[in-house]
Amino acid sequence: EAQVTQNPRYLITVTGKKLTVTCSQNMNHEYMSWYRQDPGLGLRQIYYSMNVEVTDKGDVPEGYKVSRKEKRNFPLILESPSPNQTSLYFCASSFHRLASTYEQYFGPGTRLTVT
Amino acid sequence: AQKVTQAQTEISVVEKEDVTLDCVYETRDTTYYLFWYKQPPSGELVFLIRRNSFDEQNEISGRYSWNFQKSTSSFNFTITASQVVDSAVYFCALSEASNYQLIWGAGTKLIIKP
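Everything numeric here is computed off the predicted structure, so don't read it as measured data. Here the residue numbering is sequential within each chain, running from 1 through the sequence in written order. Written order determines the labels here, with chains lettered from A and ligands numbered from 1. Confidence filtering applies because this is a predicted model: local features only for residues at pLDDT of at least 70, side-chain atom pairs given and counted only at 80 or more, and all residues used for totals across whole chains, interfaces and linings. As a convention, hydrogens and water are excluded, and side-chain values are obtained from all of the structure's heavy atoms.

Engineer: Can you help me understand the overall build of chain B in this one?
Structural biologist: Regarding its fold elements, chain B presents zero helices and 12 strands. Secondary structure elements are taken from DSSP: a helix is a run of H or I of four residues or more, a strand is a run of E of two residues or more, and numbering for both begins at the N terminus. When the helices and strands of chain B are placed in sequence order, the string is β-β-β-β-β-β-β-β-β-β-β-β. Atoms counted for the radius of gyration: C-alpha only. Globule rule: 2.2 Å times the number of residues to the power 0.38. Relative to the globule expectation of 13 Å for 114 residues, the C-alpha radius of gyration of chain B, 14 Å, shows essentially globular dimensions. If you line up chain B on its principal axes, its C-alpha atoms span 45 × 25 × 20 Å. Relative accessibility under 20% of the residue-type maximum defines a buried residue, over 50% an exposed one, and the middle range a partly exposed one, all with a 1.4 Å probe and only protein chains included. When each of the 114 residues of chain B is scored for burial, the buried share is 46%.

Listed below in C-alpha cells is the structure:
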C-alpha cells in the first residue's frame, strides 16, 4: 500500500530535550516536506527536499532541522524544543520535484506537546 | 504576494442540504495552481482536486463540484446533498509556478448535522 508513515503519532516532551520525528514514504517520491498545523493558521511549511541531499527552508524553519540521506526518509529534528513548537506536524511527499504544483500525499500527523 | 482566504471559519448545515465553501486567492502570476484538501476528524489530509490557471472549466465529481472564476479570483467548492461523512475541515491552497511554495488557507470547518 502506497503511504507516508510518521512516528511517533503522539509525543509529549519537555523543553530542551532533543527529539526526532521520522517520516518515510514507499512511493519513490522525489519531493518530501514537513508542515506544521496550528488552529486558524492552516498549514505552514517548515522544510522541504526536492531530492536526496537537497533541502530548503520553508516559511517557518526556525528551531527545526531536517536531513535527506535516503530518498524514502525525511526526519524532522528539534534540537531544543520549546513550548511554541507544540503543534500538529505533517510529513508529505510528491512524485514531482515541483511538488507545489502537484498532489501531495500526507502522513497521518504527529501531535507534539512541549511542556 | 500570494494569499488564500477562506472567510468561513465554520459552517453548520443539516444533512442533505447543499453547502458552498468559499476560497478567494491573490496572486500576481499568470500561471498558478489551486487545490482543495479535506481533513476529516481522524486528522489525515486527503487531496480532492487540482486546477491550473488556464483551465476555468468547472469540475464535478459525484456530489462535489468546484467553480473556478478568475474574474473574481475564487475557487469555490460545493457539496450537494451533504452527508454526515462530509464533516471535516476543508483547505484551499494556491501555488504559483514561479516558486515552490504551496500557500494554504486557514480552513473551513464543515459540520453536517444528521
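On we go.
Engineer: I keep staring at the side chain of Thr78(B) and nothing clicks. Help me out?
Structural biologist: All names here are of chain B. By the secondary structure assignment, Thr78 is in strand E9 (residues 74-79). We define a polar contact as two N or O atoms separated by no more than 3.5 Å, with the added condition that, inside protein, one atom must be a possible hydrogen donor and the other a possible acceptor, whereas residues neighbouring each other in sequence contribute only through side-chain atom pairs. Of note is the side chain of Thr78, whose polar atom sits 2.8 Å from the side chain of Thr20. Residue contacts are defined here by distance: any two heavy atoms, one from each residue, within 4.5 Å place the two residues in contact. Contacts of Thr78, omitting those with residues within four sequence positions, involve Val19, Thr20, Arg63, Tyr64 and Ser65.

Engineer: Where do I start with the state of the cysteines in this structure?
Structural biologist: A covalent bond between the sulfur atoms of two cysteines is what we call a disulfide. Residue and element names in this part refer to chain A. The disulfide criterion used throughout: a pair of cysteine sulfur atoms within 2.5 Å. Overall, the coordinates contain two disulfides over all chains when judged by the stated rule. Here Cys23 pairs with Cys91 through a disulfide, and the sulfurs are 1.8 Å apart. Here the S-S torsion is close to -70°, and the disulfide linking Cys23 with Cys91 is therefore left-handed. Within this pair, whereas Cys23 is found in strand E3 (residues 19-25), its partner Cys91 is found in strand E9 (residues 87-94), the two being separated by 68 residues in sequence. The exposure class assigned to Cys23 is buried, which follows from its relative accessible area of 2%.

Engineer: Looking at this structure, how should I read the sheet that holds E3(A)?
Structural biologist: Strand pairing in a sheet takes place through backbone hydrogen bonds and is either antiparallel or parallel in direction. Strands qualify as paired when DSSP identifies two bridges or more between them. Strands sit in the order E1-E3-E8-E7 (chain A) across an open sheet of four strands; the sheet is antiparallel. This sheet does not close on itself; its edge strands, each paired only once, are strand E1 (4-7) and strand E7 (65-66) of chain A.

Engineer: What exactly am I supposed to notice about the side chain of Thr108(B) here?
Structural biologist: Residue and element names in this part refer to chain B. Mapped onto the fold, Thr108 is located in strand E12 (residues 108-113). Side-chain polar atoms of Thr108 contact the backbone oxygen of Gln8, separated by 2.6 Å. Filtering out sequence-adjacent residues up to four positions away, Thr108 remains in contact with Gln6, Gln8, Thr9, Ile11, Leu21, Ala88, Val89 and Tyr90.

Engineer: Explanation requested: unusual backbone geometry in the structure shown.
Structural biologist: With the exception of glycine, the majority of residues adopt a negative phi angle, and the majority of peptide bonds are in the trans configuration. Here the amide bond leading from Asn7(A) into Pro8(A) is cis, since omega sits at -5°, within 30 degrees of zero. Checked against the element boundaries, Pro8(A) lands in the loop between E1 and strand E2 (10-13). In this model, Asn28(A) sits at a positive phi of 60°, which is unusual for a non-glycine residue. Phi is positive for Lys16(B), which is not a glycine, with a value near 85°. Mapped onto the fold, Lys16(B) is located in the loop between strand E2 (10-14) and strand E3 (19-21). Overall, Lys16(B) belongs to the exposed group, its relative accessible area being 68%.

Engineer: Please explain the interface of chain B and chain A as it appears in this structure.
Structural biologist: A common way to state how big an interface is: give the accessible area lost once the parts meet. Taken together, the contact pairs 18 residues of chain B with 23 residues of chain A. Summing the contributions of chain B and of chain A, the shared interface buries around 1700 Å²; its carbon and sulfur component is 57%. Only one rule defines a salt bridge in this text: a Lys or Arg side-chain nitrogen within 4 Å of an Asp or Glu carboxyl oxygen. For the pair chain B and chain A, the interface holds zero salt bridges. Inspection of the chain B/chain A interface yields two residue pairs in polar contact (both at pLDDT 80 or more). Of all the secondary-structure elements, those providing two or more residues to the side of chain B that touches chain A are strand E5 (32-39), strand E6 (46-52), strand E10 (88-96) and strand E11 (102-104) of chain B. A per-element tally of the side of chain B that touches chain A places E5(B) first, with four residues. Across the side of chain B that touches chain A, the residue classes tally to 11 nonpolar, six polar and one charged. Two parts placed together each lose some accessible area; with a 1.4 Å probe, that loss summed over both constitutes the buried area. Residue classes follow a fixed rule: Ala, Val, Leu, Ile, Met, Phe, Trp, Tyr, Cys and Pro count as nonpolar, while Asp, Glu, Lys and Arg count as charged, and any other residue, Gly among them, counts as polar.

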